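Spelled out from the first residue to the last, the chains are:
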Amino acid sequence: RGYLPEALVNYLALLGWSPGGGDELLPAAELARRFTLETVGHSAAVFDPEKLAWANRHYVRLADADRLVDLVLPYFRRAGYVADDTASARAFVHVLLPMATGSVDRVEQVPDRVRMVFEFDPDAACARDDVHAVLAEPGAASVVAALATEPESVPRLDRKSCRAVAGRIKQTTGQKGKHLFHPIRVALTGEAGGPELDVLVPAIEYGADLPVGSG
């Protein structure tokens, strides 16, 4: 299911017992050090999936990136986004992780969180109400038109140049805030929401630079 073992151990330790001091998320060694039978509760413990998810989010954020790549790669392969466990595939997944690890309950959810990097269907996107609502906003068409001219001068976007492009479109169209960034997001990803654009767009560009057949 994508739970880290340290999260599951920590959560199970809290069923019917508390380490005290206002602490709950602690390494197994510290939980063991504080444990006493006298502090075990007498009431029946209740399994709370939401609290387990909360603990898991904490440990996912703390986990080493290389370890997370090992854990999430099978889910990327299951989703059909990665064909093989190659150096290129692992490097790409490494680039994608920052967009997902702070907002998923379990590592099995990471591929869906970055789905827009691998799937883009403009017709299906435009048929969705949330996307249509963004494009129907006053000024949205001018933002998309201005965005379409940018690749002529910036063939590949990194985080810095992505922000610079947004700044130029802001000057050209006079749009700002959600009226600027939402149409840009829809045009580039087909989604009305998702990770920060200055992280997402360079990740898409990184994938586009990978050689065909690299996994």
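Structure report, in brief. Throughout this description, residue numbers start from 1 for each chain and increase along the sequence as written. Residues qualify for local features only when their pLDDT is at least 70, as the model is predicted, and side-chain atom pairs are given and counted only at 80 or more; totals for whole chains, interfaces and linings, by contrast, use all residues. Side-chain calculation: all heavy atoms of the structure are included, whereas hydrogens and water are not.

The next thing to look at is the packing of aromatic side chains. The aromatic pairing rule takes the rings of Phe, Tyr and Trp, using the six-membered ring of Trp, and pairs them if the centres are within 6.5 Å, calling planes under 30 degrees apart stacked, those over 60 edge-to-face and the rest tilted. Following the criterion strictly, the structure yields six aromatic pairs and no others. Ring centres of Tyr-81 and Phe-118 lie 4.4 Å apart, and the angle between their planes is 5°; this geometry places the pair in the stacked category. Of the two residues, Tyr-81 is situated in the loop between α4 (65–79) and α5 (87–96) and Phe-118 in helix α7 (residues 115–118); the sequence distance between them amounts to 37 residues. Taken together, the ring pairs in this structure connect Phe-76, Tyr-81, Phe-92, Phe-118 and Tyr-206 into an aromatic cluster. Helical segments are the DSSP runs of H or I of at least four residues, strand segments are the runs of E of at least two, and each set is numbered from the N terminus.

Where a protein is soluble and globular, its nonpolar side chains tend to be buried together. For our purposes a nonpolar core is just a set of buried Ala, Val, Leu, Ile, Met, Phe, Trp, Tyr and Cys residues, chained together by side-chain atoms within 4.5 Å. A simple rule labels every residue: compare its accessible area, found with a 1.4 Å probe on the protein chains alone, to the largest value its type can have, and call it buried under 20%, exposed over 50%, or partly exposed in between. Counting 40 residues, the largest nonpolar core has Phe-76, Val-93, Leu-96, Ile-169 and Ile-184 as its most contacted members. Residue assignment for this core shows that the elements contributing at least two residues are α3 (49–62), α4, α5, α7, α10 (140–149), α11 (159–173), α12 (178–189) and α13 (197–209). Contact definition: two residues touch when any of their heavy atoms are within 4.5 Å. Each residue touching Val-93, except ones within four places of it in the same chain, is listed here: Val-69, Val-72, Leu-73, Phe-76 and Val-82.

Between side chains of opposite charge, pairing is possible as soon as their charged atoms come close. Here a salt bridge means any side-chain nitrogen of Lys or Arg lying within 4 Å of a carboxyl oxygen belonging to Asp or Glu. A complete count under the given rule lists 17 salt bridges for this structure. Linking Glu-191 and Arg-128 is a salt bridge whose minimum nitrogen-to-oxygen distance equals 3.3 Å. Of this pair, Glu-191 sits in the loop between α12 and α13 while Arg-128 sits in the loop between α8 (122–126) and α9 (129–135); the two residues are 63 residues apart in sequence, bridging distant segments of the chain. On the basis of relative accessibility, which here comes to 29%, the residue Arg-128 falls in the partly exposed class. Taking the shortest distance from any N to any O, the salt bridge between Arg-168 and Glu-150 comes out at 2.8 Å. One end of the pair, Arg-168, is in helix α11; the other, Glu-150, is in the loop between α10 and α11, and 18 residues separate them in sequence. Judged by its relative accessible area of 32%, Arg-168 is partly exposed. When salt bridges with common partners are traced through the structure, they connect Asp-112, Arg-115, Arg-128, Asp-130 and Glu-191 into a single cluster.

Let us look at the packing of helix α1 (residues 5–13) against α3. Packing of α1 against α3 leaves a shortest axis separation of 8 Å and a crossing angle of 135°. Considering their axes alone, α1 and α3 lie oblique with respect to each other. Here the hand of the crossing between α1 and α3 comes out right-handed. Judged by residue contacts, Glu-6, Ala-7, Leu-8, Asn-10 and Tyr-11 of α1 engage Lys-51, Leu-52, Ala-55, Asn-56 and Tyr-59 from α3. Partitioning the contact of α1 with α3 into residue classes produces six nonpolar, two polar and two charged. Axis definition: a line fit to C-alpha positions, over the contact stretch in the case of helices; interaxial angles, taken between N-to-C directions, run 0 to 180 degrees. Angle categories: roughly parallel below 35 degrees, roughly antiparallel above 145, roughly perpendicular from 65 to 115, and oblique for all the rest. With the far helix as reference, a near helix turned anticlockwise by less than a right angle produces a left-handed crossing, and one turned clockwise produces a right-handed crossing. Gly is put with the polar residues, along with every residue not named as nonpolar or charged; the nonpolar set is Ala, Val, Leu, Ile, Met, Phe, Trp, Tyr, Cys and Pro, and the charged set is Asp, Glu, Lys and Arg.

Relative to the assigned elements, Asn-56 resides in helix α3. We define a polar contact as two N or O atoms separated by no more than 3.5 Å, with the added condition that, inside protein, one atom must be a possible hydrogen donor and the other a possible acceptor, whereas residues neighbouring each other in sequence contribute only through side-chain atom pairs. For Asn-56, the side chain forms a polar contact with the main-chain oxygen of Asp-105, separated by 2.6 Å. Those residues in contact with Asn-56 that lie beyond four places of it in its chain are Gly-2, Tyr-3, Leu-4, Ala-7, Asp-105 and Arg-106.

Helix span is expected to be 1.5 Å times the residue number reduced by one. The terminal C-alpha atoms of α3, which comprises 14 residues, lie 20 Å apart, in line with the 20 Å expected from a rise of 1.5 Å per residue. Next to the buried residues of α3 lie α1 and α4. For α3, the capping residue at the N-terminal end is Asp-48, with a side-chain oxygen 3.0 Å from the backbone nitrogen of Glu-50.

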